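# Observations on the three-dimensional arrangement
Now for the letters of each chain:
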Amino acid sequence: MNNRITNILLVGVGGQGILLAAEILSEAVLLAGFDVKKSEIHGMSQRGGCVVSHVRYGAEVFSPTVPEGEGDILFGFELMESCRSLPLLKKGGAVVANDLRIAPPSVLMGQEAYPEWVTERIRERFPDFLLLDGQKLAGEAGNVRAANTVLLGAVSRRLDIDEQYWLQAIEKMVPKKAVEVNKKAFLLGRSVDWSKP
């Protein structure tokens, strides 16, 4: 095992399952034999505020926080939050984003419009970009609330972690009644073609 540290950022709004996805990711990495550190930054995270989770893994990791400009993969649950977090990525980093727009309070109150340019801005800055309809695939798996696990499946294609560890982590971290739906959602996300540009 080399000393390279992989830095992954999960961003979105409260209530999207970001923290559960970070737990599953961390557990899969741990099962694969890596050292892992995780931290979260919560805005007004009870449904609607910004949430950012940092997951770092490698042979030995000392700090749980991804330094600005050093993220390898940004894993966005909502488009605007994905765009806002781009400065955390390194040049040449990869972005997988859920094709979901959640209107912030300023948009809901009619003070602003949700920007139409978000997807283009992400693709301009980071050509290694996958836009994914997580809700649609999660619905196919049996529950739209499993969109977080669909996105995790897509991200897993870029990480050198065997599929068995991902499925074991889902079994361990997800409530028993939701395990099968989440496994199915994960595998649907994992089956999406996300080729490097």
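Residues numbered from 1 in each chain as written. Predicted model: local features only at pLDDT ≥ 70, side-chain atom pairs only at ≥ 80, totals over all residues. Heavy atoms only, no water.

## Brief notes about the pairing of strand β3 (residues 50-58)
Looking along a regular strand, one sees the side chains alternate between the two faces of the sheet. To be explicit about the condition: Note on classification: 1.4 Å probe, protein chains only; a residue is buried when its accessible area is under 20% of the maximum for its type, exposed when over 50%, partly exposed between these limits. The numbering of helices and of strands both runs from the N terminus, where a helix is a DSSP run of H or I of at least 4 residues and a strand a run of E of at least 2. Only strands that DSSP links by at least two bridges are regarded as paired with each other.
With respect to burial, β3 is a largely interior element, 8 of its 9 residues being buried. Two strands pair when backbone bridges link them, and strand β1 (residues 6-13) and β3 are joined in this way by 8 bridges, in the antiparallel orientation. Residue pairing for β3: Leu-10 is matched across the bridge by Ser-53.

## With respect to the side chain of Glu-78
Filter applied, for reference: Polar contacts, as used here, are pairs of N or O atoms within 3.5 Å; protein pairs need one atom able to donate a hydrogen and one able to accept it. Residues neighboring in sequence count only if both atoms are side-chain atoms. Should any heavy atoms of two residues lie within 4.5 Å, those residues are counted as being in contact.
Within the element layout of this structure, Glu-78 appears in the loop between β4 (71-76) and α2 (79-84). At 2.9 Å, the side chain of Glu-78 and the backbone nitrogen of Met-80 are in polar contact. From its side chain, Glu-78 meets the backbone nitrogen of Glu-81 in a polar contact 2.8 Å long. Setting aside chain neighbours within four positions, we find Glu-78 in contact with Val-11, Gly-12, Gln-16, Leu-100, Arg-101, Ile-102 and Tyr-114.

## Some words on the packing of aromatic side chains
Stated precisely, the cut-off is as follows: In summary, the pairing rule links any two rings of Phe, Tyr or Trp, Trp by its six-membered ring, whose centres are within 6.5 Å, and it sorts them by plane angle into stacked for under 30 degrees, edge-to-face for over 60 and tilted for everything else. For a Lys NZ or an Arg CZ to count as sitting over a ring, it must be within 6 Å of the ring centre and within 35 degrees of the ring normal.
Inspection of the entire model under this criterion finds 3 aromatic pairs. Relative to Tyr-57, the ring of Phe-34 lies with its centre 5.0 Å away and its plane at 70°, an arrangement referred to as edge-to-face. One end of the pair, Phe-34, is in the loop between α1 (18-31) and β2 (35-42); the other, Tyr-57, is in strand β3, with 23 residues separating them in the sequence. Its relative accessible area of 5% is what places Tyr-57 among the buried residues. We note Arg-121 situated over the ring of Trp-117; from NZ or CZ to the ring centre the distance is 4.2 Å.

## A few points about helix α6 (residues 147-156)
Among the 10 residues in α6, 10 count as buried, and that is most of the element. When we look at burial in α6, the residues that qualify are Ala-147, Asn-148, Thr-149, Val-150, Leu-151, Leu-152, Gly-153, Ala-154, Val-155 and Ser-156.

## Some points on the pattern of salt bridges
Going by this rule: Salt-bridge detection follows one rule: a side-chain nitrogen of Lys or Arg within 4 Å of a carboxyl oxygen of Asp or Glu.
Within the structure shown, the criterion is met by 12 salt bridges. Of the charged contacts, one joins Glu-23 and Lys-38 as a salt bridge, the two residues approaching to 2.8 Å between their closest N and O atoms. Separated by 15 residues along the polypeptide, Glu-23 in helix α1 and Lys-38 in strand β2 bring together distant segments of the chain. Overall, Lys-38 belongs to the partly exposed group, its relative accessible area being 27%. A single network of salt bridges, built from pairs that share partners, joins Arg-4, Asp-72 and Lys-90.

## Looking at helix α8 (residues 179-190)
Our working definition: Multiplying one less than the number of residues by 1.5 Å gives the expected span of a helix.
For α8, built from 12 residues, the straight-helix expectation of 16 Å at 1.5 Å per residue is met to within 8% by its first-to-last C-alpha distance of 16 Å. In this fold, the buried residues of α8 make contact with α5 (134-141), α6 and α7 (163-173).

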